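Working through the structure, step by step
Okay, here's what each chain looks like letter by letter:
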Amino acid sequence: MKIEDYITINPKVCHGQPCFKGTRIMVYLVLELLEAGQRPEEILKTYPALNIDSIKAVLHFAAELIKTEEYTTLLPAA
(Lines give C-alpha, C1' and ligand atoms only; values in the text may rest on other atoms or scores of the structure.)
Protein backbone atom coordinates (compact mmCIF):
# COMPACT_ATOMS: atom_id res chain seq x y z
CA MET A 1 0.00 0.00 0.00
CA LYS A 2 1.28 3.44 -0.90
CA ILE A 3 0.38 5.92 1.81
CA GLU A 4 0.71 8.81 -0.63
CA ASP A 5 -2.18 7.40 -2.67
CA TYR A 6 -4.48 8.14 0.28
CA ILE A 7 -2.86 10.76 2.51
CA THR A 8 -1.42 14.14 1.65
CA ILE A 9 0.29 16.91 3.60
CA ASN A 10 -0.02 20.39 2.17
CA PRO A 11 0.81 23.50 4.23
CA LYS A 12 -2.07 25.31 2.49
CA VAL A 13 -4.70 22.70 3.47
CA CYS A 14 -5.87 22.24 7.07
CA HIS A 15 -2.80 24.06 8.42
CA GLY A 16 -0.48 21.37 7.07
CA GLN A 17 -2.13 18.53 8.98
CA PRO A 18 -2.13 15.16 7.19
CA CYS A 19 -5.44 14.77 5.33
CA PHE A 20 -7.03 12.22 3.09
CA LYS A 21 -6.29 13.02 -0.52
CA GLY A 22 -8.96 15.15 -2.19
CA THR A 23 -10.65 15.97 1.14
CA ARG A 24 -10.21 18.09 4.21
CA ILE A 25 -10.72 15.10 6.48
CA MET A 26 -7.74 15.04 8.81
CA VAL A 27 -5.97 11.77 9.54
CA TYR A 28 -5.97 12.32 13.30
CA LEU A 29 -9.77 12.51 13.29
CA VAL A 30 -10.12 8.99 11.91
CA LEU A 31 -7.51 7.69 14.36
CA GLU A 32 -9.44 9.27 17.24
CA LEU A 33 -12.69 7.71 16.03
CA LEU A 34 -11.05 4.29 15.88
CA GLU A 35 -9.62 4.85 19.35
CA ALA A 36 -13.12 5.72 20.62
CA GLY A 37 -14.32 2.35 19.40
CA GLN A 38 -16.05 3.30 16.17
CA ARG A 39 -16.00 0.52 13.62
CA PRO A 40 -14.64 1.30 10.17
CA GLU A 41 -18.13 0.82 8.69
CA GLU A 42 -19.49 3.58 10.96
CA ILE A 43 -16.67 5.94 9.97
CA LEU A 44 -17.32 5.28 6.29
CA LYS A 45 -21.01 6.15 6.73
CA THR A 46 -20.02 9.46 8.34
CA TYR A 47 -17.32 10.19 5.76
CA PRO A 48 -18.46 8.70 2.43
CA ALA A 49 -15.45 10.23 0.63
CA LEU A 50 -13.33 7.58 2.36
CA ASN A 51 -13.19 3.85 1.77
CA ILE A 52 -11.83 0.86 3.65
CA ASP A 53 -8.42 1.33 2.03
CA SER A 54 -8.36 4.88 3.42
CA ILE A 55 -8.71 3.49 6.92
CA LYS A 56 -6.01 0.90 6.29
CA ALA A 57 -3.78 3.70 5.00
CA VAL A 58 -4.27 5.79 8.14
CA LEU A 59 -3.24 2.84 10.32
CA HIS A 60 -0.24 2.19 8.09
CA PHE A 61 0.67 5.89 8.24
CA ALA A 62 0.54 5.88 12.05
CA ALA A 63 2.63 2.70 12.23
CA GLU A 64 5.27 4.18 9.92
CA LEU A 65 5.49 7.33 12.06
CA ILE A 66 5.95 5.28 15.20
CA LYS A 67 8.71 3.24 13.58
CA THR A 68 10.66 6.28 12.44
CA GLU A 69 10.32 8.87 15.22
CA GLU A 70 11.97 9.31 18.61
CA TYR A 71 9.75 9.60 21.65
CA THR A 72 11.86 11.18 24.35
CA THR A 73 8.87 13.20 25.61
CA LEU A 74 7.06 9.94 26.44
CA LEU A 75 9.87 8.63 28.63
CA PRO A 76 9.38 8.79 32.40
CA ALA A 77 11.19 11.61 34.17
CA ALA A 78 14.61 10.62 35.50
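Please refer to the structure placed before this passage.
Described in the following lines is the structure provided in the data block. (Residues numbered from 1 in each chain as written. Predicted model: local features only at pLDDT ≥ 70, side-chain atom pairs only at ≥ 80, totals over all residues. Heavy atoms only, no water.)

1. A few points about the overall build of the protein chain
- What the protein chain contains, in helices and strands, is three helices and two strands.
- For the protein chain, the succession of helices and strands along the chain, N to C, is β-β-α-α-α.
- Accessible surface for the protein chain amounts to roughly 5700 Å². Of this, 56% is attributable to carbon and sulfur atoms. (Helix = DSSP H or I, 4+ residues; strand = E, 2+ residues; numbered from the N terminus. Areas by Shrake-Rupley, 256 points an atom, 1.4 Å probe, with all protein chains shown as cover.)

2. Description of the pattern of salt bridges
- As enumerated under the stated definition, the model contains two salt bridges in all.
- The salt bridge involving Arg39 is made with Glu41; its shortest N-O contact spans 3.4 Å.
- By relative accessible area, Arg39 is classed as partly exposed at 49%.
- The partly exposed category is assigned to Glu41, whose relative accessible area is 44%. (Salt bridge = Lys/Arg side-chain N within 4 Å of Asp/Glu carboxyl O. Buried < 20%, exposed > 50% of the residue type's maximum accessible area, 1.4 Å probe, protein only.)

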